[in-house]
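# Examining the three-dimensional arrangement
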Amino acid sequence: MFRCGIAYPRCRWIVPLLLLFAIIFDIIAIAAESGWVEDEDAKSHYANMWNQYRGRNDVWDEKSLMEYSWAQAVAALMIIGLLILIIAFIISCVALCCTLNITLLPFIGVLLIIVVILQVIALIIYPCKFNELIFEGNYYYTWAYGFGWGATILSIGCAILFCCLPRYEDELTGLAKTKYLYSSA
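No experiment lies behind these values; they were computed from the predicted model shown. For every chain, the first residue of the written sequence is number 1, and numbering continues from 1 onward in sequence order. The predicted nature of this model means local features are confined to residues of pLDDT at least 70 and side-chain atom pairs, given and counted, to a pLDDT of 80 or more, with totals for whole chains, interfaces and linings taken over all residues. Working from all heavy atoms in the structure, the side-chain values ignore hydrogens and water.

### Details of the environment of Ile102
To keep it simple, the criterion reads: Strands here are runs of E lasting at least two residues and helices are runs of H or I lasting at least four, both read from the DSSP assignment and numbered beginning at the N terminus.
Note on placement: Ile102 falls in the loop between helix H2 (69–98) and helix H3 (105–130). A sequence separation of 63 residues divides Ile102 from Leu165, and the C-alpha atoms of the two residues are 8.0 Å apart.

Below you can see the structure in the form of structure tokens.
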């Protein structure tokens, strides 16, 4: 005898936990000082979302990227995306962990789709426009930029889950009948 089914009522906290990871990844990407992009050996040029640094050895010339409108747009889109992500996390905790409110789940999915759109735009604008500032050499996008994409990918997955979860209301509430598969030998 094989029991078919997943214990949804006990696992409702998993999706809000994924959103918490997305928030952490976003904060790391936004606050990273080490840079989103660096030259080949990270010895003469690197930049984060806010500033770029040029120099050699221990002498670095810091220049703000916020004087460029594209950098302001990237910062605004990432921060707005983070704020919407935090709101979606709070609503998901209320909808899934405190009480079960199925009607909020599609709304959370829509919020996450908005987050994905904002962050994808920001994460595409940054390399396209930053490459115009590069004069020579090879540059690599670093782990901090990757955390931005990680948060966006987690948001895509959670948006899909939140849009699909209302179809499984019985499983979420624990009212679904357990199905048993019998195999005869």
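### Points about the pairing of strand S5 (residues 59–64)
The condition that has to hold: Pairing between strands is defined by DSSP: at least two bridges between the two strands are required.
As defined by bridge partners, strand S4 (residues 51–56) adjoins S5 across 6 bridges and the pair is classed as antiparallel. Looking at the pairing, Gly55 lines up with Trp60 of S5. Counted between consecutive antiparallel strands, the loop separating S4 from S5 contains 2 residues, among which Asn57 sits at a positive phi close to 50°.

### What about a nonpolar patch on the surface?
To be explicit about the condition: Excluding any residue in a salt bridge, patches collect residues exceeding 30% relative accessible area, merging like charges within 9 Å and nonpolar Val, Leu, Ile, Met, Phe, Trp and Tyr side chains within 5 Å. Methods summary: accessible areas were calculated by the Shrake-Rupley approach with a probe of 1.4 Å, and residue burial reflects only the protein chains presented. Any Lys or Arg side-chain nitrogen located within 4 Å of an Asp or Glu carboxyl oxygen qualifies as a salt bridge. Only protein chains enter the area calculation, which uses a 1.4 Å probe; residues under 20% of their type maximum are buried, those over 50% are exposed, and those in between are partly exposed.
On the surface, a cluster of nonpolar side chains totalling about 500 Å² of accessible area is made up of Trp13, Ile14, Leu17, Leu20, Phe21 and Ile24. Here Leu20 falls in the partly exposed class, since its relative accessible area comes to 32%.

### A closer look at the UniProt feature "transmembrane region" (unreviewed entry) in the protein chain
Filter applied, for reference: UniProt positions are given in the numbering used here, feature names are shortened, and annotations may be inferred rather than shown by experiment.
When the UniProt feature table is mapped to this numbering, "transmembrane region" (unreviewed entry) covers residues 12–32, 70–97, 104–126 and 146–165. In residues 146–165, the share of helix is 95% and the share of strand is 0%. The end C-alpha atoms are 28 Å apart.

### Notes on the sheet that holds strand S3 (residues 45–47)
So the rule is basically this: For helices, the axis comes from a line fit to the C-alpha atoms of the stretch in contact; other axes are also lines fit to C-alpha atoms, and the angle between any two N-to-C directions lies between 0 and 180 degrees.
Across the sheet, which stays open at both edges, the 5 strands sit in the order S5-S4-S3-S2-S6 with antiparallel pairing between neighbours. In the strand order of this sheet, the two ends are held by S5 and strand S6 (139–141), each with one partner. For this sheet the average axis-to-axis angle between neighbouring strands, irrespective of direction, equals 15°. The pairing of strand S2 (residues 37–39) with S6 spans 3 bridges and is antiparallel. Opposite Asp39, over in S6, you have Tyr139 as the bridge partner.

### Considerations on the pairing of S4
In this sheet, S4 lies alongside S3 in antiparallel orientation, the contact comprising 3 bridges. Bridge pairing in S4 places Ala47 opposite Gln52. Remark: 3 residues form the turn of the hairpin made by S3 and S4, two consecutive strands paired antiparallel.

### Things to note about the side chain of Ser155
With respect to the helices and strands, the residue Ser155 is situated in helix H4 (residues 143–164). What makes Ser155 buried here is its relative accessible area of 0%.

### Regarding the nonpolar core
Going by this rule: Joining through side-chain atoms within 4.5 Å is the link that ties buried Ala, Val, Leu, Ile, Met, Phe, Trp, Tyr and Cys residues into a set, and such a set is a nonpolar core. By definition, residues are in contact when any of their heavy atoms lie within 4.5 Å.
Of all hydrophobic cores here, the largest spans 46 residues; its most connected members are Trp36, Leu112, Tyr126 and Phe162. Of all the secondary structure elements, the ones that give two or more residues to this core are helix H1 (14–31), H2, H3 and H4. The biggest single contributor to this core is H2, with 13 residues. Once residues within four sequence positions are removed from consideration, Phe162 is found in contact with Val15, Leu19, Ser92, Leu96, Leu105, Pro106, Ile108, Gly109 and Leu112.

### Structural notes on H4
The following threshold applies: Helix span, as expected, comes to 1.5 Å for every residue beyond the first.
Here H4 is 22 residues long and its end C-alpha atoms lie 31 Å apart, about the 32 Å a rise of 1.5 Å per residue gives. The set of residues buried in H4 consists of Ala144, Tyr145, Gly148, Gly150, Ala151, Thr152, Leu154, Ser155, Cys158, Ala159 and Phe162. Buried residues in H4 make contact with H1, H2, H3 and S6.

### With respect to the packing of aromatic side chains
The test is simple: Whether two aromatic rings pair depends on their centres lying within 6.5 Å, for rings of Phe, Tyr and Trp, where Trp uses its six-membered ring; planes under 30 degrees apart make the pair stacked, over 60 edge-to-face, and the rest tilted.
Summed over all chains, the structure comprises 10 aromatic pairs. Geometrically, the ring pair formed by Trp70 and Tyr126 is edge-to-face, given 5.8 Å between the ring centres and 70° between the ring planes. Taken together, the residues Trp70 in helix H2 and Tyr126 in helix H3 connect sequence positions 56 residues apart. Per residue, the accessibility class of Trp70 equals that of Tyr126, and both read buried. Pairing Trp143 with Phe147 gives two aromatic rings, centres 5.8 Å apart and planes at 90°, and the pair type is edge-to-face. With Trp143 and Phe147 both in helix H4 and 4 residues apart, this pair spans about one turn of that helix. For Phe147, a relative accessible area of 25% translates into the label partly exposed. Among the aromatic residues, those joined into a cluster by ring pairs are Trp36, Tyr68, Trp70, Tyr126, Phe130, Tyr141, Tyr145 and Trp149.

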